[in-house]
Amino acid sequence: MKKGFKLLSLSLVLVLIVAGLAGCGMKSPTEQPAKEEAKQEGATTEPEITLVYAEVNPLDTIVGQTGTAFKEKVEELSGGKIKIDIQASGVLGAENDVLDAMLGGGGTIDMSRISAFALTPYGGEKSKLLSIPYTFVNREHFWNFATSDLAPEFLLEPHENGSGVRGLFYGEEGFRHFFTTKEVKGIEDLKGMKLRVSNDPVMNGLVQGLGASPTVVSFGELYSALQTGVVDGAEQPIANYKSNAFQEVAPNMILDGHTLGAVQVVITDEAWDKLTEEQQNILVEAGKYASEFNRKISEEAENKVLDGLKADGINIVEVKDIAPWQEAVKGVIETETAKHKELYQKIVDMK
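Quantities reported herein were computed from a predicted structural model and do not represent experimental measurements. (Residues numbered from 1 in each chain as written. Predicted model: local features only at pLDDT ≥ 70, side-chain atom pairs only at ≥ 80, totals over all residues. Heavy atoms only, no water.)

Caption draft 1: Looking closely at the overall build of the chain. Scanning the chain from terminus to terminus reveals 16 helices and nine strands. A total of 351 residues make up the chain; the buried ones form 49% of that total. Counting only carbon and sulfur atoms, one obtains 53% of the accessible surface of the chain, whose full area is about 17,100 Å². (Helix = DSSP H or I, 4+ residues; strand = E, 2+ residues; numbered from the N terminus. Buried < 20%, exposed > 50% of the residue type's maximum accessible area, 1.4 Å probe, protein only. Areas by Shrake-Rupley, 256 points an atom, 1.4 Å probe, with all protein chains shown as cover.)

In structure tokens:
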């Protein structure tokens, strides 16, 4: 009887001790592992973030490969928590369509790779300077700018002027050249031709300066416009010319290199503001990686494509003297840089 009473008393003491620990907020030895296990299980169910990324060109182009490099690095650094959904080959529309969708809000497109000058109609006065004809003398000149203290100022311009997007990083897709349905041997052969533009003031001025007629055609309709004679030619970087099969309908290219195809990847402020600081840092770090990746592959990829075009019999014309071309567009250079003469001169002096 006494033995049973002692056991009952000991049990009551243990119950009181456990109850007291719980009341003080302390965990019993058996409770703590269970709580930690539940906590770990909760961490694995944290929702993933998917950012929709628009690309007008195919994934096998320089800019397409750059987008893929960015995607892979983001997903690696985030442990798969941030997904980049690349919608390539213009399935979400031309650059202007994409920008309209991004600036209009709604979150259907979070990010995009765009030509730097695509921001010009949206108040991108600084970005416009990067598309001024014959500004960059070579690729090294551009990368001197893209890695300078000026670059972030240019990237943040659309955010600061209230457009609703911000640039993450720069890249390039090679110098842009004119290609035509008719043979062109020199600058004089462009006179009177209808050349496709994207309704950009710099490109309009460039084409007019060369004596041709600027004709607005969306990128998605360019192939058929060349095929049907709506336009006689257009301009693109060499890699994009080939990847979009423009050589099938316009087998002549003159390498005037009027503009380096400077590009940037932008993200909407709406998408950016939803990210944590850590997630924002991941995008920035991945952007640095993708920018360097772009720099490494661009020239090599372009040269490989150019050799292939020559082997296929495409009429490629080298421009031996660029001076007449520069003189012809002197007016548009002066007009379009008037508001930012000092800033433009800083870019020119980086060569």
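Caption draft 2: Fine view of the side chain of Glu336. As for its position among the elements, Glu336 is in helix H15 (residues 330–337). Classification of Glu336 as buried rests on a relative accessible area of 16%. Polar side-chain contacts of Glu336 include one of 2.9 Å to the side chain of Lys128. (Polar contact = N/O pair within 3.5 Å; in protein donor to acceptor, adjacent residues only side chain to side chain.)

Caption draft 3: Representation of the packing of aromatic side chains in the model. Under the definition given, this model contains eleven aromatic pairs. Ring centres of Phe142 and Phe145 lie 6.4 Å apart, and the angle between their planes is 50 degrees; this geometry places the pair in the tilted category. Here Phe145 and Phe142 lie together in helix H6 (residues 139–146), a separation of three residues that amounts to about one turn. You'll find Phe142 and Phe145 in the same group, each marked buried. (Phe/Tyr/Trp six-rings, centres within 6.5 Å; stacked < 30°, edge-to-face > 60°.)

Caption draft 4: Region of the structure containing the nonpolar core. In this structure, Leu130, Phe142, Phe145, Phe154, Tyr170 and Phe178 are the most contacted members of the largest nonpolar core, which totals 41 residues. Residue assignment for this core shows that the elements contributing at least two residues are H6, helix H7 (150–155), strand S4 (165–180), strand S5 (194–197), helix H9 (201–209), strand S8 (252–268), H15 and helix H16 (341–348). (Core = buried A, V, L, I, M, F, W, Y, C linked by side-chain atoms within 4.5 Å.)

Caption draft 5: Looking closely at unusual backbone geometry. Non-glycine residue Tyr134 carries a positive phi angle of around 60 degrees. Topologically, Tyr134 is positioned in the loop between helix H5 (125–128) and H6. With relative accessibility at 13%, the residue Tyr134 sits in the buried group.

Caption draft 6: Highlighting the pairing of S8. Within S8, 17 of the 17 residues are buried, which leaves the element mostly enclosed by the surrounding structure. Pairing of strand S3 (residues 111–115) with S8, which is carried by five bridges, proceeds in the antiparallel orientation. Of the residues in S8, the one forming a bridge with Ile114 is Gln264. Examined bridge by bridge, S4 and S8 share twelve bridges and lie antiparallel to one another. Paired with Gly171 across the two strands is Val263, which belongs to S8. (Pairing = 2+ DSSP bridges.)

Caption draft 7: Fine view of the pairing of strand S2 (residues 82–87). Of the two faces of S2, the one holding Ile82, Ile84 and Ile86 is buried and the one holding Lys83, Asp85 and Gln87 is not buried anywhere. Bridge count for strand S1 (residues 49–54) against S2 is six bridges, and the pairing is parallel. From the neighbouring strand, Ile49 faces S2, where its bridge partner is Ile82. Crossover handedness for the path S1 to helix H3 (residues 62–77) to S2: right-handed. (Right-handed = clockwise from strand over helix to strand, strands pointing away.)

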